Amino acid sequence: MSTQLPRLLTGLVDDAAVFPPGSAPVPAAVAAHRRHRTSWYADLVGPLLVPASALTGRELHPLVDPAEGLVIGVVGDTGLDGLPAALAALPAGVTARQVEVAVAKRGEDPRPGLTGLLKLAQQLDGAAVYAEIPLTFGLMEALDTVTDARADGLPVAVKFRTGGLAAELFPTSAELAAVVCACRDRGLPFKLTAGLHQAVRHLESETGFTHHGFANVLAAALAAARGAGAARVTELLAATDPRPLLQLIEAGLDEARPLWVGYGSCSILEPLTDLIRLGLVNGGVDA
């Protein structure tokens, strides 16, 4: 296989270096992102994810050249109310490709926050908007609301957490499969965040948490797009043997990735190394 990345993997990993557990300073994250974007694996890398507070605090401004065309995603750490000011504070020459914001905490009704986010989406020019919805109360109704908004022409989609600092933040394979199939049934693109540190599902020895694998999600998304039911999608998400995952992934390498937009990772090189190890990408890590 050449060092050119397969179409299936294009833009799979957003650069979330400034977020935990990496928590890189913004200057270091910007410098590393430039290296990623000029590397042989550049097609793997999505936008640099930047907290809204870094824009209003003007941390990014002295670091960018207006001519370089930096593309970022804005993560609403300030909440909905702080997003307009953050977007208005974008440095010259920087493009916000996407805006991501949590509309509710776990156990809260997502509808009020989702309504506010959809109103904001009507005011944005060109940026995709991702509503982070907890996998608890009101989830399916929220997915219906976002689907209706997309049908009305709003560039909105959804985002889910697949991990965190507590065990309850890791959905089970069955719970995640239900979400993947629900998005498939609605034609609704989704992003994921947190916990996808390795390609294959595994037990993290330091925390005792079982993490989902990004290759599991990729295989599950491919299977769901081809009509697989929740039981088969659950099976793929729960697999700890990479072989059944690779059978699906290798058969779809020349395809566009279905529905799963990608995920944020505080490291770009970790998923890249796993992709090389699994034989899905061939090349040398040069960053």
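Since this is a predicted model, take the numbers as computed values, not measurements.

What counts and what doesn't
Residues numbered from 1 in each chain as written. Predicted model: local features only at pLDDT ≥ 70, side-chain atom pairs only at ≥ 80, totals over all residues. Heavy atoms only, no water. Helix = DSSP H or I, 4+ residues; strand = E, 2+ residues; numbered from the N terminus. Contact = heavy atoms within 4.5 Å. Areas by Shrake-Rupley, 256 points an atom, 1.4 Å probe, with all protein chains shown as cover. Lys, Arg positive; Asp, Glu negative; His and termini not counted. Charge placed at Lys NZ, Arg CZ, Asp CG, Glu CD. Axes fitted to C-alpha atoms, helices over the stretch in contact; angles between N-to-C directions. Parallel < 35°, antiparallel > 145°, perpendicular 65-115°, else oblique. Left-handed = near helix turned anticlockwise from the far one by under 90°. 1 Å grid on protein atoms, 1.4 Å probe; cavity = no way out; pocket = protein on both sides within 12 Å on 5 of 7 lines; lining within 4 Å. Points joined across faces, edges and corners; volume = space filled by probe spheres on them. Nonpolar A, V, L, I, M, F, W, Y, C, P; charged D, E, K, R; others polar. Buried < 20%, exposed > 50% of the residue type's maximum accessible area, 1.4 Å probe, protein only. Arc of directions from axis to C-beta. Expected span 1.5 Å × (residues − 1). Core = buried A, V, L, I, M, F, W, Y, C linked by side-chain atoms within 4.5 Å. Polar contact = N/O pair within 3.5 Å; in protein donor to acceptor, adjacent residues only side chain to side chain. Phe/Tyr/Trp six-rings, centres within 6.5 Å; stacked < 30°, edge-to-face > 60°.

Trainee: Could you give an account of the overall build of the protein chain, with specific residues and numbers?
Mentor: Along its length, the protein chain carries 10 helices and 10 strands. Overall size of the protein chain, expressed as C-alpha extent along the three principal axes, is 45 × 45 × 35 Å. Summarising the internal contacts of the protein chain: among those between residues at least 6 apart in sequence, 74% fall at separations of at least 24. Of the roughly 12300 Å² that the protein chain leaves accessible, carbon and sulfur atoms contribute 52%. Averaging the positions of the 22 positive and the 30 negative side-chain charges in the protein chain gives two centres separated by 2 Å.

Trainee: Quick one: what's the story with the packing of helix α6 (residues 173–186) against helix α8 (residues 230–238), residue by residue and with numbers?
Mentor: Interaxial distance between α6 and α8 falls to 8 Å at its minimum, and their mutual angle equals 125°. Between α6 and α8, the angle falls in the class oblique. Where α6 crosses over α8, the two elements pack in a sense that is right-handed. Side by side, α6 and α8 meet where S173, A174, L176, A177, V180 and C181 of the first sit next to A230, V233, T234, L237 and A238 of the second.

Trainee: I'd like to hear about the layout of surface pockets, residue by residue, with values.
Mentor: In this structure, the largest pocket encloses a volume near 1200 Å³. Around the largest pocket, the lining is made up of 47 residues, and of these R161, G163, G164, T193 and A194 lie nearest the centre. Secondary-structure elements contributing two or more residues to the lining of the largest pocket are β4 (95–102), β6 (156–161), β7 (190–193) and β10 (260–265). Along the lines of polarity and charge, the residues of the lining of the largest pocket split into 23 nonpolar, 11 polar and 13 charged.

Trainee: For helix α10 (residues 269–277), give the residues involved together with the corresponding values.
Mentor: Among all positions of α10, only P271, L272, D274 and L275 are buried. Here the buried residues of α10 occupy an arc of 160° about the axis, which is enough to place them on one side. Against the buried residues of α10 lie β1 (13–15), α7 (214–225) and β10. Backbone geometry just after α10 places G279 at a positive phi near 80°.

Trainee: Hey, could you go over helix α5 (residues 139–151) for me, with residue numbers and the actual values?
Mentor: Along its 13 residues, α5 runs 19 Å from first to last C-alpha, staying within 8% of the 18 Å computed at 1.5 Å per residue. Those residues of α5 lying buried are L139, A142, L143, V146, T147 and A149. The arc that holds every buried residue of α5, seen down its axis, measures 160°, which confines them to one face. Looking at the residues trailing α5, positive phi occurs at G153, about 100°.

Trainee: Provide a residue-level description of the nonpolar core, including the pertinent values.
Mentor: The biggest cluster of nonpolar side chains holds 91 residues, and the ones touching the most others in it are I72, F160, I249 and W260. A total of 10 residues in this core trace back to one element, the largest contributor, which is α7. Leave out the neighbours within four places in its chain, and I72 touches P47, L48, V50, L55, L60, L90, V94, T95, A96, R97 and Q98.

Trainee: For the side chain of H61, give the residues involved together with the corresponding values.
Mentor: If you trace the backbone, H61 turns up in the loop between α2 (52–56) and β3 (71–75). From its side chain, H61 meets the backbone oxygen of A89 in a polar contact 2.8 Å long. In this structure H61 touches L55, A89, L90 and P91, once residues within four positions along its chain are discounted.

Trainee: Go over the environment of G22, please, and point to the residues and values.
Mentor: In this structure, G22 sits in the loop between β1 and α1 (26–37). Placed 243 residues apart in sequence, G22 and S265 show a C-alpha to C-alpha distance of 8.9 Å. Other than its neighbours up to four places away in sequence, G22 contacts A17 and C266.

Trainee: Tell me about empty space enclosed by the protein, and please be specific about residues and values.
Mentor: By the definition in use, this model includes one cavity of 30 Å³ or more. The space that makes up the largest cavity amounts to roughly 30 Å³. Along the lines of polarity and charge, the residues of the lining of the largest cavity split into seven nonpolar, no polar and one charged.

Trainee: With reference to specific residues and values, describe the packing of aromatic side chains.
Mentor: Per the stated rule, a full pass over the model turns up five aromatic pairs. Where F160 meets F190, the ring centres are 6.5 Å apart and the plane angle is 45°; that geometry is what we call tilted. Of the two residues, F160 sits in strand β6 while F190 sits in strand β7, which places them 30 residues apart along the sequence. Pair check on accessibility: F160 and F190 agree, each one buried. With a centroid separation of 5.2 Å and an interplanar angle of 45°, the aromatic rings of F170 and F209 are classed as tilted. Taken together, the residues F170 in the loop between β6 and α6 and F209 in the loop between β8 (202–203) and β9 (210–211) connect sequence positions 39 residues apart.

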